[in-house]
Each structure stands twice: as C-alpha cells, then as structure tokens.
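Listed below are the residues making up each chain.
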Amino acid sequence: MYTALNIASLALCAVYAVLCVLLSTHMFQLNSYKPKVQLKWMGKNKRRYIANALLLLIAVGAAFTNAVLLYALFFAAAVAASLCSLPLKKAKKPLVYTARVKRMLITDALVWLAAFAAAFFAGGERFALCAMSALLALTPFLALLGNLINSPLESAIRRYYINDAEKMLRACPELKIIGITGSYGKTSVKYYLSTLLKGRYNVLMTPESYNTPMGVVKTVREQLRPTHEIFVCEMGARNVGDIKELCDIVHPDMGVITSIGEQHLESFKTIDNIIKTKFELYDAVSDKGNMFLNGDNENISSELKRRADAKSHTYGIKTGNEAYAYDIRVGAKGTEFSVCCAGKRIEGVRTPLVGEHNVVNLTGAIAVCVALGMTADDIKMQARKLEAPPHRLQLTRRGNIAVIDDAYNSNPAGCRAALETLGMFDGVKILITPGMVELGSMQDKLNYDFGCLAAGVCDHIFLVGRKQTEPIAKGASDSGFNPDKLTVCSSFTEAYGKACALSGAQKVILIENDLPDNY
C-alpha cells in the first residue's frame, strides 16, 4: 500500500515540479533573464508557493511516521496542486522555447535528477518522497540556479554572436547607422524614419521591439545584406550603461533622442540616471552635427544647455527648434502640417497618423531625411504611406466602434498623448487600462494623475485589476468622475466585452497599456 502511494505521489510530484519549473522559467524570460527582477517578482507572488511548502510538511510527516493517512493526504494534495498549476487562460506572451531556455531546462532537469537520485540511494523510498518535496519547495529558485550554472556558457555564446555581428557591420563600411533611443516615441520614430528613407535608400531596421543587444545582433546576423545603405537601430534601456553597450556593438554614425521622461523608474531609480543613459547615444556619435534631439522635451533641452554644444539639431513644434512643424491640422482621419527645416520649408505634409505627438515624431524623422539629402516631394510621398506601429496609437474600426490600440508599455507622456487623441473623436469615449507600471516610488502618484486626466476626457472608464488601479480610480473620483461609469474588471477580455456592450451609435475605445503575464 505504502509503495503504491509512494510511487503515485512521486509521479504527481514530478508533474507538479515540471509545471512549477515552466512557470518560473516563463516569468524569468518575461523578467528579461535578470535575477534581481525575478527575485523581486517572486517576493511579490510568494502566495504561489504555499502549496510547495504544504507538500513538504506533509511529506516530512509521512516519511518519519510512515502513516498511511499522511501518504493519502500527500497524494490528494499533490493532485490538487498539480490541477491548480494548470494555466487557466492562454498567456498573452507564452514561453518562447529559445535555445537559451532549452539549455536552462536541461540544466534544471539534470540538477533535479541528481539531487533526487542522491536522496533515493541514501535514504530509500520513504525518504525519496521527502527529498522530492524538499526539491519541490525550492523549485521556484531552480530557474535562477540553472541560469547561474549556465552563465559561463551563455556569456561565451553571447560574445560569439556579438563578434559575428560586429564583423558583418565592419564588412559594410558604406553603411550609415542611425541609432534611435528615448523614454517613449523611439519605436514610432524608427518606423516613420525607415518608411520615409525607403523613398530613396535601401533601409534595414530592427523589427518590432528588437532593441536589446541580442535583438540588434539577431537583426544584423539574419537580415543585413551588402545592398543595405542605412541601418535604423532602435536602442532600449532599463539600466545605466545599456545604450552604451548597444553603441559599442553598432557604432552609430547618427543619432535621434526622441524623449526623456518617467519610465522604468523601478530600475533607473532617478530621472538623472535616465538622462545619463539616453545621452550615452549622444556621447557615442563623434560628430554632434549628426545628432537630432526633441527640443520640446524639457529634460533634453536642459541637458543640452548644460553641455553647451551648439552643433546638434533640435526638432519639435516649438519655433525655437531648428526643425519645427507649423500649420498643424489634426483630425480623426489623419493630420496635415508643414515643416521648416534647416531654412527650408516643406508644406502640405499629409499622413493618416493622428495626434499632435506624432507630428513631433515625424518632424524629427523629416529632419534626419533632409540631412541625408531627401527632397520635399520624396518626403511628402512617403509620409502618405505611414502607418502607426503595432499597439502604439494604432487605429482600427470595427463597425460602429473605433479602437485606439496603445497597449504597448505605457508611460505618463504616452498616456497624456493618448487621452488627447481620444478627445479628438466624436462619440462615446471609453478608456480600458490596467494602469502604468515600473515607475518605482512615483507609480501611485503618476497613476493618480492619469486618473485625473482621464476624468476630463472619458465617458466611461474600465480598469483592469483592482489593486494596481486604485490610484487611477481615486484620481478620477477626486476629479468628479461619475462612479457609476467607472468599472473595475478582472481581465482585459471582460473589460472589452463590457465596453462594446455600452449603448451609443458611435463608440471610441482607447486601450492604454496591457500588462504582461508577470504582472
């Protein structure tokens, strides 16, 4: 009897262990393989591991008392824990079984098997169950252990890929490399600049959000061809030194800094660290006359004054910039504006993009194009082809519902711009949001401010998740928003369904941010 229960319990333990390891690995991947971030996530989600500790306690009791009741209880608890560990819904971003993840899982399996075999041969069948449970209690740390064991190998593989990419870039000496960074707007400027430049040049850009060292390296190794004339490289950062690391790989000839603001404060800690990091691109470009910066952004303007470098170019909608937009006419169907750039005027630029902030981004892209010799006619023709990058104020229509999809990585400035865009539309204005994250100690205040702004624009607000959206609800309430028109939902699907069911001939739904599974 004991043997049958032991074997069944061990088998269930193994199943539960696999589920735990896959969950931890998935979260580790979403946390950018950063151990500190993973440990912080584990601390916030410690309730997930109550079942592991409970199984350990029961197993210890069963091993030392040899009581059939405890074995049966352990068996039942293992069944329940395994069933509860099954994913209840499809992940927004499932675990990607990259080569690195496969190596990590193999290492985890070998560590597990070695520890279990040692316990089995040392203590026999009864103590094997106890050892299995002890290992199970430590399973959340297994992804970190596998990463630590594999770190020398991963570093060697990483270095090989980087060296290979650098070699390929050196083999294209005529290739013009343009680095783009910023707290927000960098992906949009990357798309806009690449589209405009394609009117004259053969352009390669980093796809989607490939803005990390390995993302950039992957783009170069898989897509760079000798026929490419310009490489537009998006550069992302969460820590001081991240932009410098990217610049040391690609060595940009030109650079664009789109904005500097409160984003990723949880890792950067201070706005000064963000400024320092974004200006690592500025420092990497030897000829400051090839730098283009958003002069409307206060943090950028202040840093430029401190550096007192007159060679770099500024852009925006303020007339004090070297390149500035004017005669801006924004509507629900698109935008028309003119640009004064380096003493030249480009009049009647039309684009299907909406929102004044997109005019700023486009003005920066146009300034770079003018510096690279593109004509006004080429620029205006390409501007008509522009589309919003995925999940960045991307406008779609579904019957009588217009959806403004701004679900990617929200930030305070982006929220303001999105609400301004929502305000331009006619119809019932609806906001769906889980709020902003990764803002450190400023998170509650900035979400409160978001709620205050939303109250002045929206007819209905749907908040996804109760705890992290409390500051938004309070901000909206304090600004006089009707509480009957503010709804807290447990999921995006629920919120979207309720929003679509609202009465109204025309509805406009703004989706502002969509948190990944590790939130």
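Just so we're clear, the structure is a prediction, and the values are computed from it rather than from any experiment.

A. Broad picture of the pairing of strand β11 (residues 401-406). Summarising burial for β11: six of the six residues are buried, a large majority. Side chains of β11 alternate between two faces, with Ile401, Val403 and Asp405 and Ala402, Ile404 and Asp406 buried alike. Of the strand pairs in this sheet, strand β10 (residues 394-398) and β11 are connected by five bridges, and their pairing is antiparallel. By the bridge assignment for β11, Arg398 is matched with Ile401. Direction of pairing for β11 relative to strand β15 (residues 507-512): parallel, over a ladder of six bridges. Residue pairing across strands places Asp405 opposite Ile511, the latter belonging to β15.

B. Focus on the nonpolar core. Residues Ile178, Leu193 and Leu197 are the most contacted members of the largest nonpolar core, which totals 40 residues. With nine residues, helix α13 (residues 356-371) is the single largest residue contributor to this core. Among residues more than four places away in sequence, those in contact with Leu193 are Ile178, Ile180, Val232, Ala365, Val368 and Cys369. Ranked by size, the runner-up nonpolar core spans 34 residues in total, among them Ile162, Ala237, Ile260 and Leu265.

C. Helix α7 (residues 186-197), seen in detail. Between the first and last C-alpha of α7 there are 16 Å, a value that for 12 residues agrees with the 16 Å anticipated at 1.5 Å per step. Here α7 lies mainly inside the structure; 11 of its 12 residues are buried. Taken together, the buried positions of α7 are Lys186, Thr187, Ser188, Val189, Lys190, Tyr191, Tyr192, Leu193, Ser194, Leu196 and Leu197. Looking at the buried positions of α7, the neighbouring elements they touch are β1 (176-181), β2 (203-205), β3 (230-234), β4 (254-257), α13 and α14 (376-383).

D. Main features of the packing of helix α8 (residues 213-223) against helix α9 (residues 242-250). The interhelical angle for the contact between α8 and α9, taken along N-to-C directions, is 20°, at an axis separation of 10 Å. The angle between α8 and α9 places the two elements in the roughly parallel class. For α8 against α9, the interelement crossing comes out right-handed. Touching Pro213, Val216 and Val217 of α8 are Glu245, Leu246, Ile249 and Val250, all from α9. Partitioned by chemical class, the residues of the contact of α8 with α9 number six nonpolar, no polar and one charged.

E. Inspection of a nonpolar patch on the surface at higher detail. Nonpolar side chains collect at one region of the surface, where Leu39, Leu138 and Phe141 lie side by side and expose about 290 Å² of accessible area between them. Mapped onto the secondary structure, Phe141 falls in the loop between α5 (99-137) and α6 (142-170). Since its relative accessible area comes to 42%, Phe141 is described here as partly exposed.

F. Here's a closer look at a positive patch on the surface. The grouping of Lys44, Lys46, Arg47 and Lys467 at the surface amounts to a positive patch. Tracing the backbone shows Arg47 in the loop between α2 (35-44) and α3 (50-65). Its relative accessible area of 74% is what places Arg47 among the exposed residues.

G. Just the sheet that holds strand β12 (residues 428-433), in detail. Taken in spatial order, the six strands make up an open sheet running β10-β11-β15-β12-β13-β14, and their pairing is mixed. Taken across any chain shown, the strands that pair with only one partner, and hence form the sheet edges, are β10 and β14 (486-489). Each strand of the sheet is rotated relative to its neighbour by a mean of 20°, with strand direction disregarded. Along the sheet face, helix α18 (residues 492-500) touches β10, β11, β12, β13 (460-464), β14 and β15 and points at about 165° away from the line of β15.

What counts and how
- In every chain, residue numbers begin from 1 and rise along the written sequence.
- In keeping with the predicted nature of the model, local features appear solely for residues at pLDDT of at least 70, side-chain atom pairs appear and are counted solely at 80 or more, and the whole-chain, interface and lining totals rest on all residues.
- Water and hydrogen atoms were dropped before computing side-chain values, which therefore reflect all heavy atoms in the structure.
- The rule is simple: take the accessible area with a 1.4 Å probe, protein chains only, and divide by the maximum for that residue type; under 20% is buried, over 50% is exposed, in between is partly exposed.
- By definition, any uninterrupted DSSP run of H or I lasting at least four residues is a helix, any uninterrupted run of E lasting at least two residues is a strand, and each is numbered from the N terminus.
- Two strands form a pair only when DSSP identifies at least two bridges running between them.
- Nonpolar cores are built from buried Ala, Val, Leu, Ile, Met, Phe, Trp, Tyr and Cys residues. Side-chain atoms within 4.5 Å join them into one set.
- The contact criterion used throughout is that any non-hydrogen atoms of two residues lie within 4.5 Å.
- An expected span of 1.5 Å times one less than the residue number is assigned to each helix.
- Axes here mean lines fitted to C-alpha atoms, for a helix over just the part in contact, with angles spanning 0 to 180 degrees between N-to-C directions.
- When an angle is under 35 degrees it counts as roughly parallel; over 145 it counts as roughly antiparallel; between 65 and 115 it counts as roughly perpendicular; any other value is oblique.
- A crossing counts as left-handed when the near helix is turned anticlockwise from the far one by less than a right angle, and as right-handed when that turn is clockwise.
- Amino acid classes used here: Ala, Val, Leu, Ile, Met, Phe, Trp, Tyr, Cys and Pro are nonpolar; Asp, Glu, Lys and Arg are charged; the rest, including Gly, are polar.
- Only residues above 30% relative accessible area that lack a salt bridge enter a patch, with like-charged residues linked at up to 9 Å and the nonpolar side chains Val, Leu, Ile, Met, Phe, Trp and Tyr linked at up to 5 Å.
- Shrake-Rupley sampling with a 1.4 Å probe provides the accessible areas, and residues are treated as covered by the protein chains on show and by no other component.
- For this document, the term salt bridge refers to a Lys or Arg side-chain nitrogen within 4 Å of an Asp or Glu carboxyl oxygen.
- A residue counts as positive if it is Lys or Arg and as negative if it is Asp or Glu; His and the chain ends are not included.
- To locate a charge, take atom NZ for lysine, CZ for arginine, CG for aspartate or CD for glutamate.

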